[in-house]
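Residue-level structure breakdown
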Amino acid sequence: MKLGNYISGAWVDGGGEGAALVDPVLGDELARASSQGLDLEGALDHARKVGGPALRKLTYAERGALLKSVADTLTENRDAYYAAALANSGNTKADAAVDIEGAIFTLGYYAGLGAKLGDVRALHGGGFDRLAKDKAFQAVHIAVPIEGVAVHINAFNFPSWGMWEKAAVTLLSGVPVLVKPATATALLAHDMVRHVVAAGVLPEGALSLVCGGARDLLAHVTSQDVVTFTGSADTANQLRNTPALLNQPVRFNVEADSLNTSILGPDAGPDSAEFQLFVKEVGREMTGKAGQKCTAIRRALVPAQFLDDVAGALQARLAKVLVGNPRNADVRMGPVVNRTQQAAVLQGIEALKKEAAVVVGDGPFEPADADPAVAAFVPITLLRCDSPDSASAVHQVEVFGPVCTLMPYESPAKAFALAGRGGGSLVASVFTGDDAFAADAAMGLAATHGRVLIVDETVGAASTGHGNVMPMLVHGGPGRAGGGEELGGLRGLRLYHQRVAVQGRLDRLEALTNAAAEVSF
Ligand code: NAP
């Protein structure tokens, strides 16, 4: 079976043999994806000329209602999505839920924001700026949707959430979307778009899908378009330097990889609740989606005097996780997404082993109910680097699998500096009962991270977790993490709007703001 591409209002098959999508447990080929021969320039043009005007004619509330209809369509078909996530990504049910339910939740959340913005077609920043002695002449900032198309190039690890969290913000903004899922796991994204198109809930041109390689897609973007990229820092750098993006003043938002940190506070000894919460979180982040999350904890920083205790506690915890075929109900961790990723993860572990000793993962490894000759499993691997100051790979090599390195620190300042050695990360979490350390950590980590989670005993149960991306919060990070920002409630709409300062007679400006919703971007 070849996955269809939905462009210019029709399903089109790409030419040639296409790339194979495989089951990472059984090794079976599931489908092929190809974009060969597609008129991608025409597809972008159709989205701009047909989808854009249709969306901009609607108000935020009406576009919010469209998102609700998309969420309802996905909800009706959700069983099929769990089957696709199992087959093409080797997801356990819990892993698939993060991707599928996370998408439906985010669509519903942005549908609600649309209802709150109401029946208007523009936004304003609130307040007028007085420019002259005469109060009659003032200025106001308003924002309107850009008139291009948003091209979303997505990573393989969240084919559902990665697609809809971006599409929700874009469509609510009034901008059409062309999605290019990662080829390896495009099945789920394809099936979802097929259902949404069949349900007829979006205006024509609002949503397009290209499965397979991006080919010349970026050569056809123009200055009113937005390109978002989620994937590895290497690909991001390559795209930054493509002539298409260098020569065109196109908005380019990057969400790239990240060596995220979790820090155990100096106060949090083995008997503390924070110690238990930290160990639970590191264990969960290592094994959830087999560690294939951009937000996963790659470096766990521990006060030097507690390092042995943490290593022991994690060893005990990880020993309970059954790794194998997710069709077995006792399995808690599945494979990585394919044999290529398996090879990349194993190679990454070898790089880390030059600077760190293996605590968990060096022994014999046999995944349950799976044939290692065809499957793409990786053992849960916990390492320990006793000299993180002089090490480099542990701070630089993102091993995109169930892998984490423990490191000691001697002082709070040292811990924050080690966290910063990731070169800019998506998230750091801190487990402490000490308010002063918590305050220092928030400030000490802020410049090098997009999000800081601070947990103590009292919020341990309420915490949404280190790795979970909540749509209310800004997602992104500086430096290596890409420097992009998405989500963050209404802040996310900024990328798809043009802000304009309008100067003139106050009563005219008031008329403009009366027809706009107030937001603080
Ligand atoms: P990747 O290899 O960089 O690919 C990402 C996307 O870019 C895929 O859709 C890929 O298409 C496409 N692509 C590759 N070369 C391209 C080119 N020359 N022109 C246009 N598109 C191109 O990353 P991945 O392996 O899918 O994902 C894993 C990485 O993503 C990890 O490093 C992870 O940390 C990061 N990630 C970050 C976030 C975040 O929010 N910060 C979220 C998830 C994942 P094909 O599949 O067709 O090659």
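In the block above lies the structure referred to throughout.
Right, let's walk through the structure included here. (Residues numbered from 1 in each chain as written. Predicted model: local features only at pLDDT ≥ 70, side-chain atom pairs only at ≥ 80, totals over all residues. Heavy atoms only, no water.)

Before going further, it helps to spend a moment on the state of the cysteines. All told, the structure shown has zero disulfides when counted by the stated rule. Free of any disulfide, C404 has its nearest cysteine sulfur in C385, 12 Å distant. (Disulfide = S-S within 2.5 Å.)

Put simply, side chains in a regular strand alternate between the two faces of the sheet. Counting buried positions along strand β11 (residues 226-230) gives five out of five residues, so the element sits mostly inside the fold. Side chains V226, T228 and T230 project from β11 onto one buried face, and the interleaved V227 and F229 project onto a second face that is buried too. Judged from the five bridges that link them, β11 and strand β12 (residues 251-255) form a sheet pairing that is parallel. Across the sheet, the residue bridging to T228 is N253, located in β12. (Buried < 20%, exposed > 50% of the residue type's maximum accessible area, 1.4 Å probe, protein only. Helix = DSSP H or I, 4+ residues; strand = E, 2+ residues; numbered from the N terminus. Pairing = 2+ DSSP bridges.)

As a further point, take a nonpolar patch on the surface. A contiguous nonpolar patch, built from F105, M472 and L473 and spanning about 260 Å² of accessible area, is present on the exposed surface. On the secondary structure map, M472 appears in the loop between β19 (449-455) and β20 (474-475). Residue class for M472 comes out partly exposed when judged on its relative accessible area of 32%. (Patch = residues over 30% accessible without salt bridge, like charges linked within 9 Å, V, L, I, M, F, W, Y side chains within 5 Å. Areas by Shrake-Rupley, 256 points an atom, 1.4 Å probe, with all protein chains shown as cover. Salt bridge = Lys/Arg side-chain N within 4 Å of Asp/Glu carboxyl O.)

For the rest of this paragraph, the subject is the sheet that holds strand β16 (residues 381-384). Read across the sheet, seven strands follow the order β15-β16-β17-β14-β13-β18-β19 without closing on themselves; strand pairing throughout is mixed. The sheet is open, and its two edges are formed by β15 (357-360) and β19, each paired on a single side. Going across the sheet, the axis of each strand differs from the next one's by a mean of 25°, ignoring polarity. Strands in contact with helix α13 (residues 412-420) are β13 (260-264), β14 (297-303), β17 (403-409) and β19; relative to β14, the strand with the most contacts, it is inclined by about 170°. Along the sheet face, helix α14 (residues 435-446) touches β13, β17, β18 (425-431) and β19 and points at about 170° away from the line of β19. (Axes fitted to C-alpha atoms, helices over the stretch in contact; angles between N-to-C directions. Contact = heavy atoms within 4.5 Å.)

So, about the site of the ligand. N154, T183, T235, E398 and H475 are the nearest of the 26 residues found near the ligand. Between N154 and the ligand, the recorded distance is 2.7 Å, taken from a backbone N or O atom to an oxygen atom. Elements with a contribution of two residues or more to the shell around the ligand: β11 and α7 (233-240). Ranked by residue count, the leading element in the shell around the ligand is α7, at three residues. Looking at side-chain class alone, the shell around the ligand contains 12 nonpolar, 10 polar and four charged residues. (Near = heavy atom within 4 Å. Polar contact = N/O pair within 3.5 Å; in protein donor to acceptor, adjacent residues only side chain to side chain. Nonpolar A, V, L, I, M, F, W, Y, C, P; charged D, E, K, R; others polar.)

Let us now look at α14. Quick reminder: α-helices carry 3.6 residues per turn. Residues three or four places apart thus point the same way. Look at α14: 16 Å from first C-alpha to last across 12 residues, which is about the 16 Å you get at 1.5 Å a residue. Regarding α14, the residues found buried are F437, A438, A441 and L445. In an axial view of α14, the angular spread of the buried residues amounts to 100°, which keeps them on one side of the axis. For α14, exposure combined with an orientation more than 90 degrees from the buried face picks out D435 and M443. Among the structural elements, β13, β17, α13, β18 and β19 are those in contact with the buried residues of α14. Looking at where α14 begins, the residue whose side-chain oxygen comes 2.9 Å from the main-chain nitrogen of A436 is D434. (Expected span 1.5 Å × (residues − 1). Arc of directions from axis to C-beta.)

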